[in-house]
Amino acid sequence: MKTIKPPHSLSIIENSFSVFLAGSIEMGVAENWQEIISKELEPINSGYILNPRRDDWDSSWEQVIENTEFSQQVNWELEALEKATMIVFYFSPETKSPISMLELGLFAQGKKVVVCCPQGFWRKGNIDVVCKRYHIKQVNILNELINEIKQNNI
């Protein structure tokens, strides 16, 4: 699978399987789990990984709508979430991930979500309740999340 990151155009994913990697980023805190998934899926010849972990992210960017770079990032993520065939969430126990929880809330009623929320995540109970209420598949470890992506890309 090929990886697309912001700010690159998403037009190439039309009519193809695509998976958005939602979840913990918190630079310097969360492991780069997106890279683990990307490397594991790279040999697959079809589909796209939509990875919001921007290579040129600048933590000094003010997170306000008037900031062009920040606004571009958030809009890229929202567009990618909307267009993706599948959305996988990984909630790293070392993080808070408020934006990821917001995104789960936005897309919980869709039928394209799979969640991995290991023990130790500070709001695991909330995540579990949302997943149960909206019939969202949950897995326990990153390798199970990878297997879900592979099964959906058949």
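Note: the structure precedes this text.
Bear in mind the structure is a predicted one, so any value in this text is a computation, not a measurement.

K.L.:
Whenever I open this one, the side chain of Lys124 confuses me. Can you help?
P.N.:
Considering the arrangement of structural elements, one finds Lys124 in helix α4 (residues 124-133). The exposure class assigned to Lys124 is buried, which follows from its relative accessible area of 14%. Among the polar contacts made by the side chain of Lys124, one reaches the main-chain carbonyl oxygen of Cys117 at a distance of 2.8 Å. Excluding its chain neighbours within four sequence positions, the residues that come into contact with Lys124 are Cys117, Pro118, Gln119 and Gln138.

K.L.:
Would you explain helix α2 (residues 68-83) in this entry?
P.N.:
The α-helix winds at 3.6 residues per turn, so residues separated by three or four positions along the chain end up facing the same way. Helix length check: α2, at 16 residues, gives a terminal C-alpha distance of 22 Å against a target of 22 Å (1.5 Å per residue), a fit within 8%. Among the residues of α2, those classed as buried are Phe70, Ser71, Gln73, Trp76, Glu77, Ala80 and Leu81. The backbone nitrogen of Glu69 has a side-chain oxygen 3.0 Å away, supplied by the residue at the start of α2, namely Asn67.

K.L.:
Can you help me understand the side chain of Glu148 in this one?
P.N.:
Mapped onto the elements of the fold, Glu148 is located in helix α5 (residues 142-152). Assessed through its relative accessible area of 10%, Glu148 is described here as buried.

K.L.:
Teacher, can you tell me more about the pairing of strand β5 (residues 113-116) here?
P.N.:
Every regular strand shows the same layout, with side chains that alternate between the two sheet faces. Taking every second residue as pointing to the same face, both faces of β5 are buried, with Val113 and Val115 on one and Val114 and Cys116 on the other. Inspection of the sheet shows strand β4 (residues 86-90) paired to β5 by four bridges, in the parallel sense. Residue pairing for β5: Tyr90 is matched across the bridge by Cys116. Following the chain from β4 across helix α3 (residues 98-107) to the adjacent parallel β5, one finds a crossover that is right-handed.

Criteria and cut-off values
- Residues numbered from 1 in each chain as written.
- Predicted model: local features only at pLDDT ≥ 70, side-chain atom pairs only at ≥ 80, totals over all residues.
- Heavy atoms only, no water.
- Helix = DSSP H or I, 4+ residues; strand = E, 2+ residues; numbered from the N terminus.
- Buried < 20%, exposed > 50% of the residue type's maximum accessible area, 1.4 Å probe, protein only.
- Polar contact = N/O pair within 3.5 Å; in protein donor to acceptor, adjacent residues only side chain to side chain.
- Contact = heavy atoms within 4.5 Å.
- Expected span 1.5 Å × (residues − 1).
- Pairing = 2+ DSSP bridges.
- Right-handed = clockwise from strand over helix to strand, strands pointing away.

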